[in-house]
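Geometric and topological summary
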Amino acid sequence: MKRNFISLIIFLLAFSTNGQVASVEKSIFNIQTGFLGVWLNNESKLSDKVALRSEIGFDAGYFMGSIYNKTGFFMTPVLTLEPRWYYNLKNRIAHSKKIKNNSGNFFAIKVSYNPDWFVISNYDGISILSQVSLIPKWGIRRNLGNRFNFEGGGGVGYKYYFSEKADYISRENEAAVDLHLRIGFVF
């Protein structure tokens, strides 16, 4: 009887040491930077494969033209909500790859709002039109050690400008492209 009990314990331990369940993390706080900005975000678990990413940060950009003597740089606040479906978590586990901190491939719908609260720029008096964008996209997220990660992805969607406040009539909406490559740190 004692031999059977020990055999059963060893058998159960062998199957319980896998350690990874195909599920996104309950909550992840992350700071990321990329070529054009810096962002603080949280991914909260909605289901085993879906997380809601909420983000606040600064989108950045460059401008030049005949009005300005030199190339301009600006940063403007952005608020983002992005549900993400991590579709390959089971496949990553089956191939002995880690899914810690939501490391995997995802499809998402990014909804961003850039308000005209303030602009940080090397020129005075720069402002933007408040705008909202809706962009379906695909991306990947991978870990670099325990705390660092990188993300890449892109998509094409729609951007709406709140131009009636600025008395613009002709430019109210347009196609929007989101290409991102970021490196981050998980708290």
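For the structure, check the block above.
Residues numbered from 1 in each chain as written. Predicted model: local features only at pLDDT ≥ 70, side-chain atom pairs only at ≥ 80, totals over all residues. Heavy atoms only, no water.

Quick word on the overall build of the protein chain
Quick note on the threshold: Only runs of H or I of at least four residues qualify as helices and only runs of E of at least two qualify as strands under DSSP, and these elements are numbered from the N terminus. Remark: exposure states derive from per-residue accessible area (1.4 Å probe, protein chains only) relative to the maximum for the residue type, with buried under 20%, exposed over 50%, and partly exposed in between. In what follows, a contact means two residues having at least one pair of non-hydrogen atoms within 4.5 Å. Values of accessible area rely on a 1.4 Å probe in the Shrake-Rupley scheme; residue burial ignores everything except the protein chains shown.
Looking only at helices and strands, one finds two helices and nine strands in the protein chain. The order of helices and strands in the protein chain, counted from the N terminus, is α-β-β-β-β-α-β-β-β-β-β. Across the 187 residues in the protein chain, those meeting the buried criterion constitute 37%. Contacts in the protein chain between residues at least 24 apart in sequence constitute 58% of all its contacts with a sequence separation of at least 6. On the protein chain, roughly 11700 Å² of surface is accessible, and the fraction owed to carbon and sulfur atoms is 64%.

Structural notes on the side chain of R182
The line we're drawing: Polar contact is the term for a pair of N or O atoms within 3.5 Å; when the atoms are in protein, one must be able to donate a hydrogen and the other to accept it, and sequence-neighboring residues count only if both atoms are side-chain atoms.
Assignment of secondary structure puts R182 in strand β9 (residues 173–186). At a separation of 3.0 Å, a polar atom in the side chain of R182 contacts the side chain of Q32. The contact partners of R182, leaving out residues within four places of it in the chain, are Q32, T33, G34, W39, N41, R53, E55, K110, N149, F150 and E151.

Some words on the packing of aromatic side chains
For the record, the criterion: Pairing of aromatic rings covers Phe, Tyr and Trp, the last counted by its six-membered ring, and requires centre-to-centre distances within 6.5 Å; plane angles under 30 degrees mean stacked, over 60 mean edge-to-face, and any other angle means tilted.
On inspection of all chains with the given rule, the structure shows 13 aromatic pairs. An angle of 80° between the planes, with centres 5.7 Å apart, marks the rings of F185 and F187 as edge-to-face. Judged by relative accessible area, which is 29%, F185 ranks as partly exposed. When its relative accessible area of 54% is taken as the criterion, F187 is described as exposed.

Here we look at the nonpolar core
Which entries qualify depends on this criterion: We define a nonpolar core as any set of buried Ala, Val, Leu, Ile, Met, Phe, Trp, Tyr and Cys residues linked to one another through side-chain atoms lying within 4.5 Å.
Judged by nonpolar contacts, A22, V24, A51, Y86, L89, I93, I99, F106 and A108 together constitute the single largest core of nine residues. Of all the secondary-structure elements, those providing two or more residues to this core are α2 (89–94) and β5 (104–114). When neighbours within four sequence positions are excluded, F106 is seen to be in contact with R84, W85, Y86, Y87, K137, W138, G139, I140, R141 and E151.

Observations regarding a nonpolar patch on the surface
Keep this limit in mind: Nonpolar side chains (Val, Leu, Ile, Met, Phe, Trp, Tyr) are joined into patches within 5 Å and like charges within 9 Å, using only residues with over 30% relative accessible area and no salt bridge. Take a side-chain nitrogen of Lys or Arg and a carboxyl oxygen of Asp or Glu: if they are within 4 Å of each other, that pair is a salt bridge.
A contiguous nonpolar surface patch, about 1000 Å² in accessible area, is contributed by F29, I31, V38, L40, I56, L79, Y113, W117, F118, I120 and F187. For the nonpolar patch, the secondary structure elements donating two or more residues are β1 (27–34) and β2 (37–45). Looking at where F29 falls in the secondary structure, it is placed in strand β1. By relative accessible area, which is 47% here, F29 ends up partly exposed.

Details of the pattern of salt bridges
In this structure the tally under the stated criterion is 13 salt bridges. Of the charged contacts, one joins K45 and D48 as a salt bridge, the two residues approaching to 3.5 Å between their closest N and O atoms. Residue K137 pairs with E82 through a salt bridge whose shortest N-O separation is 3.3 Å. With K137 in strand β7 (residues 131–144) and E82 in strand β4 (residues 72–86), this pair connects stretches of sequence that are 55 residues apart.

A word on the pairing of β1
For clarity, the threshold we go by: Any two strands between which DSSP finds at least two bridges are classified as paired.
Examined bridge by bridge, β1 and β2 share eight bridges and lie antiparallel to one another. Residue I28 lies in a different strand from β2, and its bridge partner there is E43. Hairpin connection, β1 to β2: the antiparallel pair is bridged by two residues. Across five bridges, the pairing between β1 and β9 is antiparallel. Residue pairing for β9: N30 is matched across the bridge by V186.

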